[in-house]
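# Structural description and commentary
These are the residues of each chain, in order.
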Amino acid sequence: MRKILALLTLPLLFAFSSYLKNNSYEQPELLREPYLQMVRENSATITWKTNDVTENCYVEIQKETSNKIISKQGKLTQHENNTFNEVVFDKLEPNTKYYYSIFSNGYKLATGKNYFFITNPKKGKTAFTFYALGDIGAKLPHSFADKPAKCIEKLNHKPSFGLGLGDIVYPKGESRNYDKQLFLPFENIFKNTPFYPVPGNHDWYTDPEKNFEKEWSLPNNEHYYSFSYSNALFIGLDSSKGEFYNYKEQVAWLQKTLNENKDTFDWTIVYLHHNGKTCSYKPNYEAVISIYKILAENEVDLLLNGHAHTYERLKPYNKEGDIDTNRTNHSEYKNLDENFISITVGAGGKLNNKWEPNPSDKKNCENGDIVAHYEHEPSFSLISIDGKTLKFEGINSINGKTFDSFTIKK
Ligand SMILES: [Fe+2]
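Calculation criteria
- Residues numbered from 1 in each chain as written.
- Predicted model: local features only at pLDDT ≥ 70, side-chain atom pairs only at ≥ 80, totals over all residues.
- Heavy atoms only, no water.
- Helix = DSSP H or I, 4+ residues; strand = E, 2+ residues; numbered from the N terminus.
- Buried < 20%, exposed > 50% of the residue type's maximum accessible area, 1.4 Å probe, protein only.
- Contact = heavy atoms within 4.5 Å.
- Areas by Shrake-Rupley, 256 points an atom, 1.4 Å probe, with all protein chains shown as cover.
- Donors = N, O, S within 2.8 Å, 3.2 Å for Na, K, Ca; no water.
- Tetrahedral: all angles 85-135°; square planar, octahedral: opposite > 155°, others 65-115°.
- Axes fitted to C-alpha atoms, helices over the stretch in contact; angles between N-to-C directions.
- Parallel < 35°, antiparallel > 145°, perpendicular 65-115°, else oblique.
- Left-handed = near helix turned anticlockwise from the far one by under 90°.
- Nonpolar A, V, L, I, M, F, W, Y, C, P; charged D, E, K, R; others polar.
- Domains from an automatic or database assignment.
- Buried area = accessible area lost by both parts, 1.4 Å probe.
- Salt bridge = Lys/Arg side-chain N within 4 Å of Asp/Glu carboxyl O.
- Polar contact = N/O pair within 3.5 Å; in protein donor to acceptor, adjacent residues only side chain to side chain.
- Pairing = 2+ DSSP bridges.

A word on the overall build of the chain. When you go through the chain residue by residue, the secondary structure sums to seven helices and 23 strands. For the chain, the C-alpha atoms occupy an extent of roughly 85 × 40 × 40 Å along the three principal directions. Across the 410 residues that make up the chain, the buried fraction comes to 56%. Long-range pairs, those at least 24 residues apart, make up 72% of the contacts in the chain between residues at least 6 apart in sequence. A total of about 18,400 Å² of accessible surface is found on the chain, and carbon and sulfur atoms cover 48% of it.

Structure, rendered in structure tokens:
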């Protein structure tokens, strides 16, 4: 009998407590849709922004295949008169889809079929795709950041995550420009696809600690960090204004991270903002060239960067930083060995309209023969890894067409 009574009164109690909850606090305004960060095998971080009436927050999650709801309280952080709401889930199941709903002050602010995350698969052979682009949140109305975002939304095969190759928000990486220049165009992607950005020179024109680091929750010190997905290791570096943030410490950390993971993953991808050698309108950056040897000796496969607002794929480099002249087929590589491929994907949200690409023009570079493909169009990259095959595509953000592609097989 007691059990039945309890069962009957429970829904009433629940309704009453949510009535109290909803009415003792003001309803916060959702200023930024939720975005995913650091999604791992067993954990995920969900963040959203509200106005400063917010006093508490939580997220409810539900596995796609279950009715059980798990609720978790989050933390609030004040920043520039707004409130970041952040909830970190742990003890999740790998490779599992969870739907989520976000609550601030007890009010449900977002829910529905597009609010979900998929935890990482365990280290192994799961095939996956990710996207990469740099130089994204240009000043309005000149930014075309909505174009790659629309293309990525429409992809048949949903990417598991995205890499941000620096210069995330212009002109100076200011927090106040993040919403309209980055989060708004990318909101339908960021709510169900985690994003891993590194800072570029523009993000360094204001203090990253008070801007970039407030906007993101990233691993390690948030400047340089690593994470893995299936059979691939990803290393993000902070090239600051071209000379690297804490150069000595960062390069030592890079070397240590590569050593620790030697022979652990099939693929290693390093990404940062500045280019090393280039035939674009940017100079060669010696600090980046100085890590070529480390990359080659540790069998890094790809080095992705932004900075020049264009697309430029270079031929494979050896550890001396010279192109491997033995290779003549640049659409299919069989085993890169101690060679890596450096690619600029820097036309995410802006293009340099005053410049004409031409690798044979000595004004652009010493040796135009280093370039495998260039394309001066708004663009992003899509990279698919399936076991020991990697497929790279350069995609035009306006028409969604692939203009450059190559594969590496190991
Ligand atoms: Fe830049």
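Once that is clear, we can look at the coordination of the iron ion. Surrounding the iron ion are the protein donor atoms Asp167 (OD), Asn201 (OD1), His273 (NE2) and His307 (ND1), which sit 2.1 to 2.3 Å from the metal. Metal-centred angles of 88 to 164 degrees between the four donor atoms at the iron ion mark the site as irregular. Summarised as a motif, the one-chain spacing of the donors to the iron ion is D-x33-N-x71-H-x33-H. Here Asp167, found in the loop between strand 11 (161-165) and helix 3 (178-190), pairs with His307, found in the loop between strand 16 (302-305) and strand 17 (311-314); they are 140 residues apart in sequence, far enough to count as distant. Just as Asp167 is buried, His307 falls in that class too.

Turning to the packing of helix 2 (residues 146-154) against helix 3, a few remarks are in order. With their axes 9 Å apart at the nearest point, helix 2 and helix 3 run at an angle of 15 degrees to one another. Judged on the interaxial angle alone, helix 3 and helix 2 are roughly parallel. Note on packing geometry: the crossing formed by helix 2 with helix 3 is left-handed. Residue-level inspection shows Asp146, Ala149, Ile152 and Glu153 of helix 2 in contact with helix 3, the latter providing Pro185, Phe186, Asn188 and Ile189. Tallied by class, residues from the contact of helix 2 with helix 3 come to five nonpolar, one polar and two charged.

Another point: the domain arrangement of the chain. Domain parsing of the chain yields domain 1 (25-118) and domain 2 (128-409). Each of domain 1 and domain 2 was reduced to a C-alpha centroid, and the two centroids are 29 Å apart. Listed per partner, the contact involves 19 residues of domain 1 and 23 residues of domain 2. In total, about 1,800 Å² of surface goes out of reach between domain 1 and domain 2, with carbon and sulfur atoms giving 50% of it. Applying the counting criterion to the domain 1 and domain 2 interface returns four salt bridges. Among the salt bridges present, the one from Glu215 reaches Arg32, with a minimum N-O distance of 2.7 Å. Our count for the domain 1 to domain 2 interface comes out at 14 residue pairs in polar contact (both at pLDDT 80 or more). For the side of domain 1 that touches domain 2, the elements supplying multiple residues, two or more each, are strand 1 (30-37) and strand 6 (82-89). Per-element tally for the side of domain 1 that touches domain 2: the top contributor is strand 1, with seven residues. The residue inventory of the side of domain 1 that touches domain 2, partitioned by class, reads ten nonpolar, three polar and six charged.

So, on to the side chain of Asn201. The topology assignment puts Asn201 in the loop between strand 12 (195-198) and helix 4 (212-215). Asn201 gets classed as buried once you look at its relative accessible area, which sits at 8%. There is a polar contact of 3.4 Å between the side chain of Asn201 and the side chain of His307. Residues in contact with Asn201, not counting those within four places in the same chain, are Asp167, Ser240, Lys241, His273, His274 and His307.

This part is about the side chain of Asn192. Locating Asn192 in the fold gives a position in the loop between helix 3 and strand 12. A distance of 2.9 Å separates the side chain of Asn192 from the side chain of Lys158, its partner in a polar contact. Within the structure, the side chain of Asn192 is placed 3.2 Å from the side chain of Thr193, a separation counted as a polar contact. Those residues in contact with Asn192, other than ones at most four positions away along the chain, are Leu36, Asn114, Phe116 and Lys158.

The next subject is the sheet that holds strand 21 (residues 379-386). Pairing in this open sheet of seven strands is mixed, and the strands run 12-11-10-21-22-23-18 from one edge to the other. Of all strands in the sheet, those bounded by a partner on one side alone are strand 12 and strand 18 (332-334). For this sheet, the mean angle separating the axes of adjacent strands, direction not counted, is 15 degrees. With seven bridges connecting them, strand 22 (residues 389-396) and strand 23 (residues 402-409) associate as antiparallel partners. Within strand 23, the position partnered with Leu390 by the bridge is Ile408. Relative to the sheet, helix 2 contacts strand 10 (128-133), strand 21 and strand 22, its axis offset from that of strand 21 by approximately 30 degrees.

In terms of residue burial, strand 21 counts as a mostly covered element, since six of its eight residues are buried. In this sheet, strand 21 lies alongside strand 10 in antiparallel orientation, the contact comprising five bridges. Bridge pairing in strand 21 places Thr129 opposite Ser384.

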